[in-house]
Amino acid sequence: MPDSAMQDIWKLADQLRASVFGLNLQRLVKKAVEANVPIGLDEIRIVIRQLGPRAGYFLLPLWLIEFIASYLQETQVESILDPFASIGSLLIPLTAKTGARSSKGIVHSIEDSEIATALDRGRRIKWQIGDPFLLLADSDESFEVVVSCPPFGQPKKTVAFNSPSGPLTLSDNTESLVELQTARLLTSQGTAFFVVPRGTAKPDKLNSVWMNLGKFGLYVRAFLSIPRDSYVTMTSIDMALVIISRTQYPKLFVG
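Let me begin by describing the structure that accompanies this report.

1. Concerning the overall build of the chain
Here comes step 1: Each helix and strand in the chain was counted, giving eight helices and ten strands.
Here comes step 2: For 255 residues, the compact-globule estimate of 2.2 N^0.38 gives 18 Å, and the C-alpha radius of gyration of the chain, at 19 Å, lies within 12% of that figure.
Here comes step 3: In terms of overall dimensions, the chain has a C-alpha envelope of 60 × 35 × 35 Å along the principal axes.
Here comes step 4: The proportion of buried residues among the 255 residues of the chain is 51%.
Here comes step 5: As presented, the chain carries roughly 12700 Å² of accessible surface, and 51% of it is formed by carbon and sulfur atoms.
Here comes step 6: Taking the 26 positively charged and 25 negatively charged side chains of the chain as two groups, their mean positions are separated by 3 Å.

2. Remarks on the pattern of salt bridges
Here comes step 1: By the definition in use, this model includes four salt bridges.
Here comes step 2: Between Lys97 and Glu66 there is a salt bridge, and its shortest N-O distance comes to 2.7 Å. Placement of Lys97 in helix α5 (residues 91-98) and of Glu66 in helix α4 (residues 62-71) is noted, with a sequence separation of 31 residues between them.
Here comes step 3: Overall, the relative accessible area of 38% leaves Glu66 in the partly exposed class.
Here comes step 4: Among the salt bridges present, the one from Glu78 reaches Arg101, with a minimum N-O distance of 3.4 Å. With Glu78 in the loop between α4 and β1 (79-82) and Arg101 in the loop between α5 and β2 (102-107), this residue pair connects regions lying 23 residues apart in the sequence.
Here comes step 5: Residue class for Glu78 comes out partly exposed when judged on its relative accessible area of 26%.
Here comes step 6: Given the relative accessible area of 64%, Arg101 is considered exposed.

3. Brief notes about the environment of Phe133
Here comes step 1: Among the secondary structure elements, Phe133 is positioned in helix α7 (residues 132-135).
Here comes step 2: Considering only alpha carbons, one finds Phe133 and Glu179, 46 residues apart in sequence, at a separation of 9.0 Å.

4. A word on the layout of surface pockets
Here comes step 1: Empty space within the largest pocket amounts to approximately 740 Å³.
Here comes step 2: Around the largest pocket sit 34 residues that line it, and Phe84, Ser86, Cys149, Pro150 and Pro151 are the ones nearest its centre.
Here comes step 3: Breaking the lining of the largest pocket down by element, the ones donating at least two residues are β2, α7 and α8 (174-183).
Here comes step 4: A per-class count over the lining of the largest pocket returns 21 nonpolar, nine polar and four charged.

5. Regarding a nonpolar patch on the surface
Here comes step 1: A surface patch of nonpolar side chains, about 300 Å² in accessible area, is lined by Trp63, Phe67 and Tyr71.
Here comes step 2: Among the secondary structure elements, Phe67 is positioned in helix α4.

6. Structural notes on the packing of aromatic side chains
Here comes step 1: One pass over the structure, following the stated rule, counts four aromatic pairs.
Here comes step 2: Between the aromatic rings of Tyr71 and Phe193, the centroid separation amounts to 5.4 Å while the plane-to-plane angle is 85°, which identifies the pairing as edge-to-face. Of this pair, Tyr71 sits in helix α4 while Phe193 sits in strand β7 (residues 186-197), and the two are 122 residues apart along the sequence.
Here comes step 3: Considering the side-chain rings of Phe161 and Phe216, the 5.8 Å spacing of their centres and the 80° angle between planes classify their relative orientation as edge-to-face. Remark: Phe216 occurs in the loop between β7 and β8 (219-226) and Phe161 occurs in strand β5 (residues 156-163); sequence separation between them is 55 residues. This pair shows no difference in class: Phe161 is buried, exactly as Phe216 is.
Here comes step 4: Put simply, the rings of Phe67, Tyr71 and Phe193 touch in pairs and so form one group of aromatic residues.

Cut-offs and rules
- Residues numbered from 1 in each chain as written.
- Predicted model: local features only at pLDDT ≥ 70, side-chain atom pairs only at ≥ 80, totals over all residues.
- Heavy atoms only, no water.
- Helix = DSSP H or I, 4+ residues; strand = E, 2+ residues; numbered from the N terminus.
- Rg over C-alpha atoms; globule rule 2.2 N^0.38 Å.
- Buried < 20%, exposed > 50% of the residue type's maximum accessible area, 1.4 Å probe, protein only.
- Areas by Shrake-Rupley, 256 points an atom, 1.4 Å probe, with all protein chains shown as cover.
- Lys, Arg positive; Asp, Glu negative; His and termini not counted.
- Charge placed at Lys NZ, Arg CZ, Asp CG, Glu CD.
- Salt bridge = Lys/Arg side-chain N within 4 Å of Asp/Glu carboxyl O.
- 1 Å grid on protein atoms, 1.4 Å probe; cavity = no way out; pocket = protein on both sides within 12 Å on 5 of 7 lines; lining within 4 Å.
- Points joined across faces, edges and corners; volume = space filled by probe spheres on them.
- Nonpolar A, V, L, I, M, F, W, Y, C, P; charged D, E, K, R; others polar.
- Patch = residues over 30% accessible without salt bridge, like charges linked within 9 Å, V, L, I, M, F, W, Y side chains within 5 Å.
- Phe/Tyr/Trp six-rings, centres within 6.5 Å; stacked < 30°, edge-to-face > 60°.

This is the structure we're talking about:
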């Protein structure tokens, strides 16, 4: 990216710092759009790295997005769902790299929606604001790919599901329940990619999501550890990429 673009962005950031409103990512993106200053995910990564935890976001490493895209290179991807899309830092590049015709990103707030919409230059993504579990509860949509890095540490809930083998009540943290809810929307050849804390994706409780995936025709294909220093702004939590598919393989790949 041209250095002049970042220089203009930093000038806008300084103006916001000096204003009564202060600097945050949503105001910076909005101000850049109004001033016709080019701003995309590359620039956002630089800003977030500079602001650190004050930015309020951490981004996945680019190599992980490239890995997911490479994994899907022989898949005809028509649509992608991200139930925890945040500002679109995963969904936007993956939609572009796979050539998906349409994608859906569910975001938590108006602020996230405004940032994601500004960054989504291809305009192939439908952004929705709300609770992904509720928005997708009765959905009849299907997706070739489900991908997300959900916020972790959400409250534990008990939810009744209708599985192919009958009613099933599961108790787990909210993000795991949403992951199940969304993975159920995969096509027969679909694949889900979830970035989760390593300690949560364990089939160690009878009524947990991870113990009961098979009852929904879903199977963990791979469990891959992510180096702790990979993120833009650090997290001290050990993370992993979990790959889920409709196909049951004889062996689980762990790395």
